Structure formats: structure tokens, C-alpha cells
Number of protein chains: 2
Amino acid sequence: MSKINVGIVGYGNLGQGVETSLSYNDDFNLVGVFTRRDPKSLNTKAYHVDDILDFKEDIDVLILCGGSKNDIPETREFYSTHFSTVDCYDNHKDLLNHYKILDSITKENENVSIIGTGWDPGVFSVQKLYSESFLPNGESYTFYGPGLSQGHSDAVRQVNGVKYGAQYTLPNDHLVKEIEDGKEVNYTKEAAHIRDVYIVSDNTRTDEDIKEEIINMPDYFKGYETNVYFISEDEFKENHQNLNHGGYVLRRGFTNNNQATYKIELNLDSNPEFTASVAVASARAAYRFLKDKNFGAKSLFDVPPSYLSRRTTEEMIQSLL
Amino acid sequence: MSKINVGIVGYGNLGQGVETSLSYNDDFNLVGVFTRRDPKSLNTKAYHVDDILDFKEDIDVLILCGGSKNDIPETREFYSTHFSTVDCYDNHKDLLNHYKILDSITKENENVSIIGTGWDPGVFSVQKLYSESFLPNGESYTFYGPGLSQGHSDAVRQVNGVKYGAQYTLPNDHLVKEIEDGKEVNYTKEAAHIRDVYIVSDNTRTDEDIKEEIINMPDYFKGYETNVYFISEDEFKENHQNLNHGGYVLRRGFTNNNQATYKIELNLDSNPEFTASVAVASARAAYRFLKDKNFGAKSLFDVPPSYLSRRTTEEMIQSLL
């Protein structure tokens, strides 16, 4: 069987995660990593991104690993004109616009783009769709964590007196249990999450002052149950450098007076590596759509689960159904 | 929008569950229930199953709610010749054969059959496929319960001295936690499950004798952690008449040295009503395949999640992605 030829654009956490994930999926061939840096500075088969059109005929699917803030919006027209792509674009507010732009370009150029892969958007989105389809009379709840929040950690580090800071979001397990137990709940983002903050002080302010400023920070902490812990620099460097994340999607539905709960839970030691793994399976699906000449933009909603798998129909039915 | 016209074959727990589920999905029109009993004896719009061909033009999708032991194998050729169907056939060992038979008949007759819907096979199967596709370097574990096992309850009732009996399968939560915590485990069906048995004695044997016979019953209980509780007839009738079930599918995978766990958990007060709800969403998908002229047998592996939903592409992206 011929392999699926992929390229990786960008070599940050996500791009490196894709390279790792490809090593567990031997139906792929990595044509190369495309970077804005000096390709020789990377310890992998790398080319300068300006040369990417030279590889147009060699690449079946390009996995876009740039950032959602600037890279994806600035380059999406170019890549979807010349390549079939998979991205992990996670700007939820812009996803519909993104879909429309890519759908039109890829249809015109006979390409496929699978957008918003990863776990949120991605796995969580699909589970929300499944669970509401199976339990239409019900409600869905999303809980994030336990995991490091990059945005909240950045906010904490802006506070005077903070040398290092990390913020973990934790799901409110008590609220999860109340939903599962069939109780009436008042679900809000604030009630559903707890924020744990680990701080190394630079000793220019009292711990109490720093804590007060953090827990009252609007948008980020005010209204949340927030715990602030002061720790040593050694402890911080030892225990707070990881990239773990996860969470739940929980749907509670009713048929007659019977309750059903549908819960998906992810616990990821490495958020970018799992995101990358979903992107790689999605690249397999993009290749299948391409073979079907089913062009256009897609999300995981449009992907038959079988397209993500290497198994044949017979194997799937025999082993998994 | 014109509604999807469905018929229900069989009016046991599952068929009644389908009727209930349709009431939460107003894009369907129930043409009627088809039964082997006297249609007048049912408190619904019912016809005799022998008259079903009179409704061939009126029905888009037929939901087959007969038993997996005899009804489905005996009638599958007939129904898939004349109708597009959805079934909840759960004889895992025969599913591939079932698929092949139906695929050939439905392609010839321009019908669609979605097989093995429900939660196992069905939701659990799809989650096994997703999780192994996203975490190829890993292992999957299935845990059933807490829930009533019909087969084991029947076995218990065969024991001399047992007047009433109910057997609940419980997942071994300790083992689940060990897997999630990254420990080496020795997963076997026996280690993964605990069996709780509730007995009303007819007082012709000692409780100890009855218990010994149960816990040593080969295939059913021997090798399992089994707890036998003797209760009064009143308590049995009060607390042990329900149809709850559920379980977990858990995948633990690794990328580099990082662990990721993907866990889906179902807790169903009514096993047949949830199974029915999945069948109804699958009937929507069957109708979409029919409109696409994409004939043949399918499982949920082949169904784009969007086909199960009433939402438009734009709504899905905006609300769920």
C-alpha cells in the first residue's frame, strides 16, 4: 500500500507532536517540516517554508501547526489553494468564517481541508454532537481540567511581585456528581471550575497583597473559587513545567422519567501531543476524501469514524462492533 | 421540511423505547407499529406484521426491534429486500456475516441498512474506533455496569431454592483507577467486573448452600468476585425491577513518555430506551444515505456524526465546534 505523504508547517510544540505521532502511524511518510527558521537549525528533515510550492506534487496532505492567533488566518488562503490541509485552528468565534473561506477555495482547487481538529475543537465537539443526537431531551455541560491554562498563567505573571506563576483549571467534581446524580444544578462557567494558582514571589510585596490582586482580577479570577499557593523556585521548576490538560463533556438526558448520562473524559499529560495525534488521524481522513474526490472544507462532524482508522471494514466489524 | 416516515417492527421494550424516543425527535413521522400480536391489543397505531408490504411506499426507514436470537436472523433478508432498515442486532459473533448478507441485498434493492446500533454494539464500538485511531500506541479496556445482566439473572433463577434473583454487573473501579493512574494492570474480564446477586429464597435450602452453588457456577460466576445478598420478596419487588445499565470504554495511550486516557462512560436508567434513542438517530442517518443514493449496509463506523443530527452544517460549527 502506498503511504500518505504529509508535510508539517511549523515546528513548535504542535509540529513536534505531529512528528512524534507520525512515528506511531506507519501508513504515513513525512516529506518534511517547513519552517520560517533556518532549516539547518532544526534536528529533523526541514525546509524553508518559502520553498514549499516546490513540494506541491509530493505532498498529499499538509498539517498546519502554526498558531491560531496570526499564522492560520494569515496563511489559510495560500495553503488551501495549493494543498489539502488539516489544521487545529481553535479560535471558536472565527471557525464558521474559516470554514466558509476554506470551503470555497478548496472546492475550486479540488482540495480538502479538515478544520478544527484536536480535542477542543475536535473530540469534544464530536461528542457534544453525538450525545445531543442520542439524548435530544437533555442538556450538555463542559468541564475543563485538570490542566495548565496558558492564558491564565500569563495573566498571573503580569501581577507585580510575581516571579513565576502557573494556573491550573480544575473541574468542579462536586458539580459533575450532582449532575450525574440527577440533581437540579445551576451550571455556570464559574461554578464549574476551580482555579489553582502556584506563585513564586520576588519578595517585593506581601503574599497577601499578591493573592488579593489575583483573586479579584476581573474576567480571569473574580467569581471563581481560586486558591493561591506560594512555593519556592525549585519546587516550581520541578513540578510546574508540564503541558497537561483535559476535561469532560457530560450530557444528561431523559426518556420518560429515565435518566441517561453520556460522559467523555480526557486526561492528557501532553495537550499538544494529543492534539497532534488527532490531527494525524484527520490527515488520514483528508486523504480518503481526496481519493473519493469529495472536495471542500470539513470538520470532524463530516468525517465517518472509519476514515480515521487504518482498519478495513471487515476488521472493524469483527474487532470493534 | 418533509418528515422522515418510519415504521417500528416489534413492540417489546425496544419497540416501545423507539416510540418514546420518536416523541423527542419531531422530524419523524411514525407510520405505525408492526406486530405479530393482535394489533387491536396494543395501545398505539398498530398493524399486523403480515400486512407490512402494503406500507412499502409509505415508509422511508424501518426500525427493527425484534430479538437478536431469532427474529433478526430469520427476517433480515425479507426486510432488507423491501425496506431501508436500522437494527440493534447484538450478536457480536454474527455481525460480520449479518453485514455481508445485508450489504449485498440492500445494494441490489437500492436500500440502506444501518446495523448494530445502540450502545454495545454502537456507541461503545465507535468510541473504541475513535480512541484507537487517536492513540494508536495504547490499549483499550471495556467495563460493563453498574447494570442488570439478563443472562446472569436467568442463570441465578435456575438454582434450586431461588424464588427471585437479579444479578448486577459492576465495573471494578479500582482497576479503572489503576489504568488511569498509569499502573501496569492485568486486565481480564473476570478482574474487571464484580457480580452482585440479590436473591429471594424459597426457604427449601440454606442460604449458605444457595450461595455456594452460585459463586461456583462455571462461566457465569466462577473466577469473579461475587457477592450474594439474601433479601425479602418485598424489597426485591421494590428495588430490583429496573432495566439500568452502562459502562466504560477506556483507552490508555502513550506519545513519547506522556500518557493520555480517553474514557467514555454511559449510565443508563433504561437500557432499552437509550438503545432505542441511538436507533432513532441512526434512522435519520439512514435517510440521509438514501437521499445520497449511497446504498448498502453500514455501521455507525460509516456514519458521519453530522448525519445523526438535525442541525445544519453552519449551526453545528457555530454551536458545537
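Here, the structure is the one placed above.
Below you will find a few notes about this structure. Everything numeric in this text was worked out from a predicted model, so none of it was measured.

What counts, and where the lines are drawn
- Residues numbered from 1 in each chain as written.
- Chains lettered and ligands numbered in written order.
- Predicted model: local features only at pLDDT ≥ 70, side-chain atom pairs only at ≥ 80, totals over all residues.
- Heavy atoms only, no water.
- Pairing = 2+ DSSP bridges.
- Helix = DSSP H or I, 4+ residues; strand = E, 2+ residues; numbered from the N terminus.
- Axes fitted to C-alpha atoms, helices over the stretch in contact; angles between N-to-C directions.
- Contact = heavy atoms within 4.5 Å.
- Core = buried A, V, L, I, M, F, W, Y, C linked by side-chain atoms within 4.5 Å.
- Buried < 20%, exposed > 50% of the residue type's maximum accessible area, 1.4 Å probe, protein only.
- Least-squares fit on C-alpha atoms with pLDDT ≥ 70 in both.
- Polar contact = N/O pair within 3.5 Å; in protein donor to acceptor, adjacent residues only side chain to side chain.

## Quick notes on the sheet that holds strand β1 (residues 4-9) of chain A
All names here are of chain A.
Part 1 of the argument: Strand order in the open sheet made by the seven strands is β3-β2-β1-β4-β5-β6-β14, with parallel pairing throughout. Whereas interior strands pair on both sides, the edge strands pair on one side only; in this sheet they are β3 (46-48) and β14 (296-298). Across the sheet, the axes of successive neighbouring strands diverge by a mean angle of 25 degrees, strand direction being ignored.
Part 2 of the argument: Taken together, the two bridges between strand β5 (residues 84-87) and strand β6 (residues 112-114) define a ladder with parallel strand orientation. Looking at β6, one finds that V86 is bridged to I114.
Part 3 of the argument: Seen against the sheet, helix α1 (residues 13-22) touches β1, β2 (28-35) and β4 (61-64) and runs at an angle of roughly 160 degrees to β1.

## Examining the nonpolar core
General note: in soluble globular proteins, nonpolar side chains tend to be found buried as a group.
Part 1 of the argument: With 148 residues, the main nonpolar core has F134, Y262 and F274 of chain A together with F134, Y262 and F274 of chain B as its most contacted residues.
Part 2 of the argument: Residues in contact with F134 of chain B, not counting those within four places in the same chain, are V123, F274, S277, V278, A281 and L308 of chain A together with Y262 of chain B.

## A word on the relation of the copies chain B and chain A
Part 1 of the argument: In screw terms, the move from chain B to chain A is a rotation of 180 degrees and a rise of 0.0 Å along the axis, fitting with an RMSD of 0.0 Å. A rotation of that kind, with that shift, is consistent with a two-fold axis.
Part 2 of the argument: Comparing interface residues between copies, 100% of those in chain B also sit at the interface in chain A, which points to an isologous, same-surface contact.

## Remarks on the environment of L135 of chain A
Part 1 of the argument: For L135 of chain A, the position within the fold is in the loop between α4 (123-134) and β7 (138-144).
Part 2 of the argument: With 124 residues separating them in the primary sequence, L135 of chain A and Q259 of chain A have C-alpha atoms 9.7 Å apart.
Part 3 of the argument: Here L135 of chain A is in contact with R251, G253, A260 and Y262 of chain A together with F274 of chain B, once residues within four sequence places are set aside.

## Focus on the side chain of S309 of chain A
Part 1 of the argument: Within the secondary structure, S309 of chain A is located in the loop between β14 and α11 (313-320).
Part 2 of the argument: For S309 of chain A, a relative accessible area of 2% corresponds to the buried category.
Part 3 of the argument: In terms of polar contacts, S309 of chain A uses its side chain to reach the backbone amide nitrogen of R311 of chain A, at 3.0 Å.
Part 4 of the argument: The contact partners of S309 of chain A, leaving out residues within four places of it in the chain, are R284, R288 and M316 of chain A together with L129, E132 and S133 of chain B.

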